[in-house]
Amino acid sequence: MKLIKNKCTIILVILIILQLANIIFWGNKKEGYHIDEIFSYGLSNGYYDPFPYYETDDYFMVWHDEEFFADYVMVPEEHRFAYDSVWYNQAADVHPPLFYAVLHTVCSFFPETFSNWYAISVNIAFSVLNIILLYRIACFVFKEKKKWALLVCAAYGFSAGCVSNAVYIRMYVMVTFFVLLFTLLHACIYEKGKYKVFFPLIALTTFLGTLTHYYFYVFAFFVSAFFCLHALFKKKWKALFGYVISMFGGIGASILVFPSALEHVFSGYRGTEAVDNLANGNWLSKVSEYITYVNLELLGGNLRYIVLIVAVAVVVLGIKNFSTIKNIKFERDAIVYYLHGFWRVIQKEYANISFIVATIAYAVLVASMSTISANRYIFSVYPLIVLYITWFTSGLVGQLMTKKGTAFAILSVCWAFMLVSQYEKGCVDYLYQGYAAIQEQVAQYSDSDTFYIGDSTHPIYRDMIFLAKAERFICIPASTLEESLQEMKEDVVSDDALIYVYKENKDEEILNTIGEELGLSDFEFLAETYQSRIYYGY
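Caption draft 1: Geometry of helix H14 (residues 269-280). With 12 residues, H14 ought to run about 16 Å at 1.5 Å a step, and its terminal C-alpha atoms sit 16 Å apart, in line with that. For H14, the full list of buried residues reads Gly271, Ala274 and Asn277. The arc that holds the buried residues of H14, viewed along the axis, is 125°, so those residues lie on one side. Facing away from the buried side of H14 by more than 90 degrees, the exposed set consists of Val275, Ala279 and Asn280. Of the surrounding elements, those touching the buried residues of H14 are helix H13 (260-266), helix H15 (283-297) and helix H19 (350-369).

Following this line, the structure appears as structure tokens:
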């Protein structure tokens, strides 16, 4: 037994090393940033300056250089480890501060510099912890059958969903950690029957989880509700009281540390958006979009085949087990038979049922609450989705295949096939490949005056990596373009220009106006980013 345990530990370590290598490989392929990734750095490191673009007097009609961005995303030497600034910035934002405090800590060791690896390194560290936690949860689910736990860790750890989570510079790998830790602690309570030992850890996990992302409340609510029902049914009154105190203690401590959470959740624009979205009732179409994310990033687009195979397996098992119930003569006896069977399943698999319901409820509610559909919002339950798909299908296949080891071999091949499918279909997200080529292209015109045309203030941060190549750039409102150009015409020093047109504007009108006011006769289209289209005028 000890030899098997050591062998499984070695295999797990090898899996983690290979998965880290895979994350680093794809991290090196990351060429651009989602605007929220820029905000991760800015909110962590901008000294008491959460959103510089709100200060429109310092934004429009002012010439900027690369220091405009550097001051926002880099830690100044004199403001290292400035956690008061992190708390201030997050109070102005819509998220709790823990991830930003961790990122600020890492960046504070490297002041006056910027690298996406500062944040990815945080994600890598938590990714390792996530695999370890998933392994322990899977051991609980599969009754210490460690080869199944290793399969689950391989299926999730190498998935495009796991890699996408790791290379996306936000708090979602960290909240995945707290979701898994919260799950494991409850699994330990169900398994060992010891309550008091785990209550302080549950309080701490709740405290840290709610300081990482407010969506943690959703998952924790359903897991907690099932545990309270369990304690009530078992008449564990002291355990129930201690558990409730632990949960509310963790939540209360989180609010004391970050009081702005109350405003964010109950009156902030994200909180009110979530309530409005739930009230709109358009949850079915949103859920279908999130199923698509799971299908591609965890199953390689093979969901339809999985559903078909499961349906066939259920039918075959039904026929196979028909002999067990065919002698039941009365309808009432049949109903009793099924109810008894159903109740036995609930008693035996209560913990797993609670985690499955929490996972599904989380995904459905988050899909319904979110204003935009995005895979990142359900990243935190991706490991549990992989785990319970494996658990459920292994049970079906195991009943169909009597030969020992057949079910494991079949599921291993299926997961391997689905992993290959994910990479063949390019399912790793948040890489923004092609942006490096655009950077090289715009760098050729670094000495040309650069104009960013748009009425919205925040898009330039998504184009930060391109604008930072310019010696100087200016942001001009599209609505007052002609008057603004006339006002600052004498400040233009180059006889050519690099022009960024925000995607919501009409390029032809913008370019004609610039041509007339600055004496430019020709425009060459260079590239298109997520946020704008870039032209060279001469």
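Caption draft 2: Geometry of the pattern of salt bridges. Under the counting rule described, the total for this entry stands at 7 salt bridges. Note that Lys30 is salt-bridged to Glu37, the shortest N-O span being 2.7 Å. The class for Lys30 is buried, based on a relative accessible area of 7%. What makes Glu37 buried here is its relative accessible area of 0%. The salt bridge involving Arg80 is made with Glu77; its shortest N-O contact spans 3.4 Å.

Caption draft 3: Region of interest: the packing of helix H6 (residues 116-141) against helix H8 (residues 160-167). Direction vectors running N to C along H6 and H8 enclose 140°, while the axes themselves pass 8 Å from each other. With respect to each other, H6 and H8 are oriented oblique. Here Ile120, Asn123 and Ser127 of H6 come into contact with H8, specifically with Asn165, Ala166 and Val167.

Caption draft 4: Fine view of a nonpolar patch on the surface. A contiguous nonpolar patch, built from Phe81, Tyr83, Phe109 and Phe110 and spanning about 380 Å² of accessible area, is present on the exposed surface. Its location among the elements puts Phe110 in the loop between helix H5 (98-108) and H6. Judged by its relative accessible area of 40%, Phe110 falls in the partly exposed class.

Caption draft 5: Layout of a negative patch on the surface. On the surface, a cluster of negative charge is contributed by Asp65, Glu66, Glu67, Asp71, Glu78 and Glu112. Tracing the backbone through its elements, the reader meets Glu78 in the loop between helix H3 (67-73) and helix H4 (83-92).

Caption draft 6: Main features of the side chain of Ser85. Following the sequence through the fold, Ser85 ends up in helix H4. Contacts of Ser85, omitting those with residues within four sequence positions, involve Gly46, Tyr47 and Tyr48.

Caption draft 7: Region of interest: the sheet that holds strand E3 (residues 473-476). Judged by pairing direction, the sheet is mixed, and its 6 strands sit side by side in the order E1-E3-E2-E4-E6-E5 without closing on themselves. Looking at which strands have only one partner, the edges of the open sheet turn out to be strand E1 (63-64) and strand E5 (523-528). Direction of pairing for strand E2 (residues 449-453) relative to E3: parallel, over a ladder of 4 bridges. Looking at the pairing, Tyr452 lines up with Cys475 of E3. Along the sheet, helix H22 (residues 435-443) contacts strand E4 (497-502), E5 and strand E6 (532-537); its crossing angle with E5, the most-contacted strand, is approximately 150°. Running at roughly 140° to E3, helix H25 (residues 481-488) makes contact with E1, E2 and E3 of the sheet.

Caption draft 8: Representation of the pairing of E4 in the model. Judged by how many residues are buried, E4 sits mostly within the fold: 6 of 6 residues are covered. Burial along E4 is two-sided: the face carrying Ala497, Ile499 and Val501 and the face carrying Leu498, Tyr500 and Tyr502 are both buried. In this sheet, E4 lies alongside E2 in parallel orientation, the contact comprising 5 bridges. Each bridged residue has a counterpart across the sheet, and for Ile453 the counterpart in E4 is Val501. Pairing analysis gives 6 bridges linking E4 to E6, with the strands arranged antiparallel.

So, how was this worked out
- Along each chain, residues carry numbers from 1 onward, in the same order as the chain's sequence is written.
- Local features in this predicted model are restricted to residues of pLDDT 70 or higher, and side-chain atom pairs are both shown and tallied only at a pLDDT of 80 or more, whereas totals for entire chains, interfaces and linings draw on every residue.
- Hydrogens and waters are ignored; side-chain quantities use all the structure's heavy atoms.
- Counting from the N terminus, the helices are DSSP H or I runs at least four residues long and the strands are E runs at least two residues long.
- The span you would expect from a helix comes to 1.5 Å times its residue count less one.
- Burial classification: accessible surface area is computed with a 1.4 Å probe over protein chains only, and a residue below 20% of its type maximum counts as buried, one above 50% as exposed, and the rest as partly exposed.
- The directions from the helix axis to the C-beta atoms form the arc being described.
- Two residues qualify as a contact provided that any one of their heavy atoms is within 4.5 Å of a heavy atom in the partner residue.
- Any carboxyl oxygen of Asp or Glu that lies within 4 Å of a side-chain nitrogen of Lys or Arg is treated as forming a salt bridge with it.
- Fitted lines through C-alpha atoms give the axes, limited to the stretch in contact for helices. The angle between two N-to-C directions lies from 0 to 180 degrees.
- Each angle is binned into one of four classes, with values under 35 degrees roughly parallel, values over 145 roughly antiparallel, values of 65 to 115 roughly perpendicular, and all other values oblique.
- Patches here are clusters of residues that have more than 30% relative accessible area and form no salt bridge, with a 9 Å joining cutoff for like charges and a 5 Å cutoff for nonpolar side chains (Val, Leu, Ile, Met, Phe, Trp, Tyr).
- Only the protein chains shown count as cover for residues, and the accessible areas themselves come from Shrake-Rupley with a 1.4 Å probe.
- In this count, Lys and Arg are taken as positive residues and Asp and Glu as negative ones, while His and the chain termini are left out.
- Note that the charge is assigned to NZ on lysines, CZ on arginines, CG on aspartates and CD on glutamates.
- We treat two strands as partners when DSSP finds at least two bridges between them.

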